[in-house]
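What follows is each chain in one-letter form.
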Amino acid sequence: MKKILILHTGGTIGMTLSKDGYKPDGKYFKQAIYHMDSLKAHNMPKWDYMETKPLLDSSKMSVKEWNCIGRIIADNKNKYDGFVILHGTDTMSYSASALSFMLKGLNKPVILTGSQIPLCETRSDGRDNLITSMLIAANSNIKEVCIYFGGLLIRGNRSTKYSADHMQAFASPNYPFLATAGISIQYNEKAFLKNNNSFKFQEFKEVPIGIISVFPGFKFELFESIITEKLKGIVIETFGSGNIPNEEKELLPILKKAKENNVVIVVCSQCPQATVDMSVYETGQTLKKAGAVSGKDLTTEAAVTKLYYLFSKYTDINKIKQYMEKNICGELT
Ligand code: ASP
């Protein structure tokens, strides 16, 4: 019989209404899941329940919480067949991406889920998300970090939060779904990550990283002051396949400054479904010539967490730039 660790970190699924709005309520949630009959059904894996403290709205989560979740999974890797992480939806894609790098080679299912409506509410989607995630976490063919939400199983580092209104909150714009759950769970096994036998938990450092999203009329010089030697990496969300407004004469000195300060510039796209190719247009070549690296089809979430991962693991800037463009754990094509 398979055994799963349910790790509750916060988020809407376990919230109740307080006078200041919805907030995590560990006492309520623990009681609710211990009373949930479906979790005791004969076809369910066995499970233990654990909470991180304090339970958080995921908009408050960062490197410290990712390290804490990653460490719990790494420390318990031999005790459980799979892990279900209950998490807020707002930054679930960032956490799933971060965990995919931290836990590279774990070779066990780590399924993040949560809900749009709290479990305490009548129409909550939390029940199905939790129950189906438990069944998925018991499938030993899955050897990666995923998000299960609203009937879709998505590779964690390919996911992005897409809707704050609908029950299908996450999309996977550049990679097929790993499964769809209707009447039955249909797995898309050929899309699964293959075995990777070198596991070593990689804690993240608090690396100073920035995101810039360009827009028509963008004034590069206003951002010059943030390109100091303190900044390690910057993700630029560009137009289309990697284009920026390069008419601005201020741009080149800024890119030069970034290069001098060893800031890694990663070019991603504002189009959710896109692959960056800076060689196509003259407007993209400016970035390429300045030494920016291509984020290819990385989501912004994966690009940011990959920078954290690489700067936590390596000091050599050229190595970091090289690895940014290479696939590490299924995050880019
Ligand atoms: N603000 C909540 C969170 O991310 C939203 C959710 O869980 O859906 O924790």
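Anything mentioned here points back to the structure above.
All values reported here derive from a predicted model rather than from experimental measurement.

A.B. asks: With reference to specific residues and values, describe the pattern of salt bridges.
C.D. replies: Tallied over the entire structure, the rule returns eleven salt bridges. Among the salt bridges present, the one from Glu203 reaches Arg71, with a minimum N-O distance of 3.9 Å. Placement of the pair is Glu203 in the loop between β12 (185-187) and β13 (209-213) and Arg71 in helix α2 (residues 63-75), with a sequence separation of 132 residues. Residue classification places Glu203 among the partly exposed positions, given a relative accessible area of 39%.

A.B. asks: Just give me the short version of the sheet that holds strand β14 (residues 233-238), but keep the residues and values in it.
C.D. replies: Sheet architecture is open: four strands sit in the order β13-β14-β15-β16, paired in parallel fashion. Both outer strands of the open sheet, β13 and β16 (293-294), are each paired with one neighbouring strand and no more. Taken together, the five bridges between β13 and β14 define a ladder with parallel strand orientation. What sits directly across from Ser213, in β14, is Glu237. Relative to the sheet, helix α7 (residues 300-313) contacts β13, β14 and β15 (264-269), its axis offset from that of β14 by approximately 165°.

A.B. asks: Which residues make up the sheet that holds strand β7 (residues 145-149), and what are the values?
C.D. replies: Read from one edge to the other, the open sheet built from eight strands follows the order β4-β1-β5-β6-β7-β8-β11-β12, with strand pairing classed as mixed. What marks the edges here is a single partner per strand, and that holds for β4 (46-56) and β12. Strand-to-strand, the axes of this sheet are offset by a mean angle of 20°, without reference to chain direction. Summarising the sheet, strand β1 (residues 3-10) and β4 pair through seven bridges and their orientation is parallel. Residue Ile4 lies in a different strand from β4, and its bridge partner there is Trp47. Sitting on the sheet, helix α1 (residues 26-34) touches β1, β4 and β5 (82-86), and the angle it makes with β4 is about 170°. Lying over the sheet, helix α4 (residues 126-137) contacts β1, β4, β5, β6 (110-113), β7, β8 (152-155), β11 (179-181) and β12, oriented at roughly 160° with respect to β5.

A.B. asks: Account for the nonpolar core, naming residues and giving values.
C.D. replies: Within soluble globular proteins, side chains that are nonpolar generally end up buried alongside one another. In this structure, Leu103, Val110, Leu112, Phe204 and Val266 are the most contacted members of the largest nonpolar core, which totals 53 residues. Examining the composition of this core, we find that eight residues originate from one element, α7, more than from any other. Leaving out residues up to four positions away in the same chain, Phe204 has contacts with Val63, Trp66, Asn67, Ala98, Phe101, Met102, Thr305, Tyr308, Tyr309 and Ser312. Residues Ile6, Ile33, Met36 and Ala137 belong to the second largest nonpolar core, which totals 29 residues.

A.B. asks: Describe the packing of aromatic side chains, with residues and values.
C.D. replies: Counting across every chain of the model gives 13 aromatic pairs. Their ring planes at 85° and their centres at 5.6 Å tell us that Trp66 and Tyr308 sit as a pair that is edge-to-face. Residue Trp66 is located in helix α2, and its partner Tyr308 is located in helix α7; the two are separated by 242 residues in the primary sequence. Between the aromatic rings of Phe204 and Tyr308, the centroid separation amounts to 6.1 Å while the plane-to-plane angle is 15°, which identifies the pairing as stacked. Of this pair, Phe204 sits in the loop between β12 and β13 while Tyr308 is found in helix α7, placing the two residues 104 residues apart along the sequence. Residue Phe204 is classed as buried on the basis of its relative accessible area of 4%. Taken together, the ring pairs in this structure connect Trp66, Phe101, Phe204, Tyr308 and Tyr309 into an aromatic cluster.

A.B. asks: Report on the side chain of Thr286, specifying residues and quantitative values.
C.D. replies: The residue Thr286 is located in helix α6 (residues 282-289) in this model. When neighbours within four sequence positions are excluded, Thr286 is seen to be in contact with Asn246, Leu251, Leu252 and Leu255.

A.B. asks: Outline unusual backbone geometry, supporting the account with residue identities and numerical values.
C.D. replies: Along the chain, Lys53 connects to Pro54 via a cis peptide bond; the corresponding omega equals -5°. Note that Pro54 resides in strand β4. One non-glycine residue with positive phi stands out, namely Asn107, at about 65°. Owing to a relative accessible area of 18%, Asn107 belongs among the buried residues under this scheme.

Rules behind the numbers
Residues numbered from 1 in each chain as written. Predicted model: local features only at pLDDT ≥ 70, side-chain atom pairs only at ≥ 80, totals over all residues. Heavy atoms only, no water. Salt bridge = Lys/Arg side-chain N within 4 Å of Asp/Glu carboxyl O. Helix = DSSP H or I, 4+ residues; strand = E, 2+ residues; numbered from the N terminus. Buried < 20%, exposed > 50% of the residue type's maximum accessible area, 1.4 Å probe, protein only. Pairing = 2+ DSSP bridges. Contact = heavy atoms within 4.5 Å. Axes fitted to C-alpha atoms, helices over the stretch in contact; angles between N-to-C directions. Core = buried A, V, L, I, M, F, W, Y, C linked by side-chain atoms within 4.5 Å. Phe/Tyr/Trp six-rings, centres within 6.5 Å; stacked < 30°, edge-to-face > 60°.

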